[in-house]
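Chain and residue survey
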Amino acid sequence: MVVSTWSVANNMDDGITENDVRDGLQNIEAVWDHLYHKEQARLLQLFIEKIRVEPEGIHIDIRTNGINSLVLDLKAAAHQTKEMSA
């Protein structure tokens, strides 16, 4: 998932690295509980295309372009934070 997300994100902004994508996906847990429910719902709609419950298990189809949008937002926020602290 990281590689496919990075591939699409890299087409949008060639400054995004695979590590940016990995860090963004790993850091979402740290802020999730602090988000309003509407923001959590918006993010879930960005991430998830479809959920299917079948006898053999649950299948979740992920939207990589939604994850790309989040990664771009996180990268911009990190860049702003670095500029403000400098």
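What comes next concerns the included structure. Values in this document were obtained by computation on a predicted structure and should not be read as measured data.

**Comments concerning the pairing of strand β2 (residues 57–62)**
Consecutive side chains of a regular strand alternate in pointing toward one face of the sheet and then the other. With six bridges joining them, strand β1 (residues 48–54) and β2 adopt antiparallel strand pairing. Looking at the pairing, I48 lines up with I62 of β2. Here β1 hands over to β2 after two residues, the two strands then running antiparallel side by side.

**Structural notes on the pattern of salt bridges**
Counted under the stated rule, the structure contains three salt bridges. Here E39 makes a salt bridge to R42, at a shortest N to O gap of 2.8 Å. Of this pair, E39 and R42 both sit in helix α3 (residues 37–47), three residues apart, roughly one helical turn. With a relative accessible area of 27%, E39 lands in the partly exposed category. A salt bridge links E54 to R52; its shortest N-O distance comes to 3.3 Å. Linked by salt bridges that have partners in common, R52, E54 and D61 make up one network.

Analysis parameters
Residues numbered from 1 in each chain as written. Predicted model: local features only at pLDDT ≥ 70, side-chain atom pairs only at ≥ 80, totals over all residues. Heavy atoms only, no water. Pairing = 2+ DSSP bridges. Helix = DSSP H or I, 4+ residues; strand = E, 2+ residues; numbered from the N terminus. Salt bridge = Lys/Arg side-chain N within 4 Å of Asp/Glu carboxyl O. Buried < 20%, exposed > 50% of the residue type's maximum accessible area, 1.4 Å probe, protein only.

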